[in-house]
Amino acid sequence: MDAVLSASLLILVIAGLRAALLHRLPKRLLPPLWGLCLLRLVLPVPDGIALPAVSVSLPVQAAVAQSAAQSAPLPLFCGGVGALLLCYFLLQHLGCLREYREALPCENESVEAFLAAHPLRRKVRVRVLDRLSSPLTYGVFRPVILLPKQVCTEEALSFTLEHEFCHIRRFHTLYRLLLLTALCLLWWNPCVWLLYRLGCRDLKLSCDEQVLLRCVLSSRASYARELIRLEERKTGFSPLETHFCKNKTEERIRAIMTLKRFTFGGLAAALLISAGAITAFATDFSLSETTAPAGTAEHMRSDASPAEQALTLPDGQILELSPGESISVPSGGETYQITAQQVSEDFVSYTIS
């Protein structure tokens, strides 16, 4: 839970910076930042910032009630809902794959020339599907670009291939799958929904930026018109493909029309944000891994007698001291003296100095 809390704070910080500086930063910076959030969700980081520890006094009856509450089937419920959500996305994807099998190989000289000019270790296939209204890409190790039967112009075809090839080269299908997995596991966390939504959007924005930088920036108007045309023909949703036009079109068009060559100020801001995000990633804001300050902590164990009350330290170590007994405990490079004192029949006080 500590890693989830730290990752949630990091998601909110990056989302705030994104909202303020979206049109001033290189868009290719955003997916790596969301990738840091994904890693922070699963990787514990020791030796973090020391925050004040919280101590609570519990009578025997309250301790027993707390123990019963902790054994409630809440984790089972959360896991069950996550499994149902994953099954829903998986079944939807499998249904789309059955439809994609009906696609035919694309026999187009422009497509063949594009693939010859963009070699990749993974073999990229381009296929055509009649019922498809907008281009999409699926597959990680055997990627496929699906095109609708009718593509208006050679310029539109060039834009589409550049965009979808950018998704393939950067493993965006795998990236999206990891986002979806995090969403299914932590569906109860609103910050993870925000991570999934903005992460998928920024995959599109980064590819739009790459297409225009590889082409000519003066083509942005044509690219935006093609984006609008494809949005009008938008088809259904599948969580494991990367589509040409599956996000908020207004945001993408604005980003396209305001795109400029990177300036020194923009790059400097990008470096500062990256450094801040990496620092936050390497920092543990956990309350349970902190160093307890000097003071008094009172703790009750439901199955212990007054002479055998136990204190659980932040690192999980359990101390069982008799009243009047003391012990030295090293933590965070310092040594603390913990002394047990009998306060009443129902409480044992631990003095930390």
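The structure reproduced in this document is the subject of the present report. (Residues numbered from 1 in each chain as written. Predicted model: local features only at pLDDT ≥ 70, side-chain atom pairs only at ≥ 80, totals over all residues. Heavy atoms only, no water.)

Regarding the environment of C78
Stated precisely, the cut-off is as follows: In this description a helix means any DSSP run of H or I spanning at least four residues, a strand means any run of E spanning at least two, and both kinds are numbered starting from the N terminus. Contact definition: two residues touch when any of their heavy atoms are within 4.5 Å.
Note that C78 resides in helix α4 (residues 74-100). In the structure, C78 is positioned 108 residues away from L186 in sequence and 8.1 Å away in space, judged by C-alpha atoms. With near-sequence residues (within four places) excluded, C78 lies in contact with W187 and W188.

Concerning a nonpolar patch on the surface
The test is simple: Each patch is assembled from residues with relative accessible area greater than 30% and no salt bridge, linking like charges that lie within 9 Å and nonpolar side chains (Val, Leu, Ile, Met, Phe, Trp, Tyr) that lie within 5 Å. Working definition of accessibility: Shrake-Rupley area with a 1.4 Å probe, residue cover restricted to the visible protein chains. Salt bridges are counted wherever a side-chain nitrogen of Lys or Arg sits within 4 Å of a carboxyl oxygen of Asp or Glu. Throughout this description, buried means an accessible area under 20% of the type-specific maximum (1.4 Å probe, protein chains only), exposed means over 50%, and partly exposed covers the range between.
The grouping of F171, L174, L177 and L178 at the surface amounts to a nonpolar patch, some 320 Å² of accessible area in total. Tracing the sequence through the fold places L177 in helix α7 (residues 172-185). Using a relative accessible area of 34% as the deciding quantity, one classes L177 as partly exposed.

Details of the packing of aromatic side chains
As a reminder, the rule being used: Two rings from Phe, Tyr or Trp (for Trp, the six-membered ring) form a pair when their centres sit within 6.5 Å of each other. Planes less than 30 degrees apart are called stacked, planes more than 60 degrees apart edge-to-face, and all others tilted. Remark: a charge is flagged as sitting over a ring if the NZ atom of Lys or the CZ atom of Arg is within 6 Å of the ring centre and within 35 degrees of the ring normal.
By the definition in use, this model includes five aromatic pairs. With 5.1 Å between their ring centres and 85° between their planes, F159 and Y223 make a pair best called edge-to-face. In this pair, F159 sits in helix α6 (residues 154-169) while Y223 sits in helix α9 (residues 220-232), placing the two residues 64 residues apart along the sequence. Judged on exposure class, the residue F159 and its partner Y223 are both buried. Sitting over the face of the ring of F171, R122 holds its NZ or CZ atom 3.8 Å from the ring centroid.

Focus on the packing of helix α5 (residues 109-117) against α6
Packed helices, taken two at a time, are described by the angle between their axes plus the distance between the axes. Basically, it comes down to this: Between the N-to-C directions of two axes lies an angle of 0 to 180 degrees, each axis being a line fitted to C-alpha atoms and, for a helix, fitted only over the stretch in contact. The sense of a crossing depends on the near helix, which, turned anticlockwise from the far helix by less than a right angle, makes the crossing left-handed and, turned clockwise, makes it right-handed. Classification convention: Asp, Glu, Lys, Arg as charged; Ala, Val, Leu, Ile, Met, Phe, Trp, Tyr, Cys, Pro as nonpolar; all other residues, Gly among them, as polar.
Viewed as axis vectors pointing N to C, α5 and α6 meet at an angle of 35°, and their least axial separation amounts to 11 Å. Both α5 and α6 take part in a crossing whose hand is right-handed. Contacts from S110, V111 and F114 in α5 reach E154, L157, L161, E162 and F165 in α6. Partitioned by chemical class, the residues of the contact of α5 with α6 number five nonpolar, one polar and two charged.

A few points about the packing of α7 against helix α8 (residues 190-214)
Formally: Any angle between 65 and 115 degrees counts as roughly perpendicular, while under 35 counts as roughly parallel, over 145 as roughly antiparallel, and the rest as oblique.
Remark: α7 packs on α8, axes separated minimally by 9 Å, with the N-to-C direction vectors making an angle of 170°. For the element pair α7 / α8, the angle class is roughly antiparallel. Facing H172, Y175, R176, L179, L180, A182 and L183 of α7, the residues of α8 in contact are V192, W193, L195, Y196, G199, C200, L203, S206 and C207. The class makeup of the residues in the contact of α7 with α8 is 12 nonpolar, three polar and one charged.

Considerations on the pattern of salt bridges
One pass over the full model with this rule turns up seven salt bridges. In this structure, E99 engages R131 in a salt bridge whose closest nitrogen and oxygen atoms are separated by 3.5 Å. On the criterion of sequence distance, the pair formed by E99 in helix α4 and R131 in the loop between β2 (125-129) and β3 (136-138) is long-range, its members being 32 residues apart. Salt-bridge contacts for D208 lead to R252; the nearest nitrogen and oxygen are separated by 2.8 Å. Here D208, found in helix α8, pairs with R252, found in helix α10 (residues 249-257); they are 44 residues apart in sequence, far enough to count as distant. Judged by its relative accessible area of 2%, R252 is buried. Among the ionic contacts, a cluster of salt bridges with common partners joins R18, R201, D202 and E251.

A closer look at α4
Applicable threshold: A helix's residues, less one, multiplied by 1.5 Å, set its expected span.
Along its 27 residues, α4 runs 39 Å from first to last C-alpha, staying within 8% of the 39 Å computed at 1.5 Å per residue. Here α4 has its buried residues at C78, G82, L85, F89, H93, C96, L97 and Y100. Contact partners of the buried residues in α4: β2, β3, β4 (144-148), α7 and α8.

Considering the nonpolar core
What counts is decided by this rule: Nonpolar core, defined: a set of buried Ala, Val, Leu, Ile, Met, Phe, Trp, Tyr and Cys residues in which side-chain atoms within 4.5 Å join the residues together.
Ranked by size, the top nonpolar core spans 33 residues in total, and within it W34, C37, L41, L179 and L195 carry the most contacts. Mapped onto this core, the elements with two or more residues apiece are α1 (2-21), α2 (30-42), α4, α7 and α8. In contact with W34, other than residues within four places in its own chain, are I11, I14, A15, R18, Y175, L195, L198, G199 and D202. Within the second largest apolar cluster, 12 residues are counted, among which are C106, V126, L161 and F165.

Describing the environment of D202
Turning to its location among the elements, D202 is positioned in helix α8. Separated by 184 residues in the primary sequence, D202 and R18 have C-alpha atoms spaced 9.9 Å apart.

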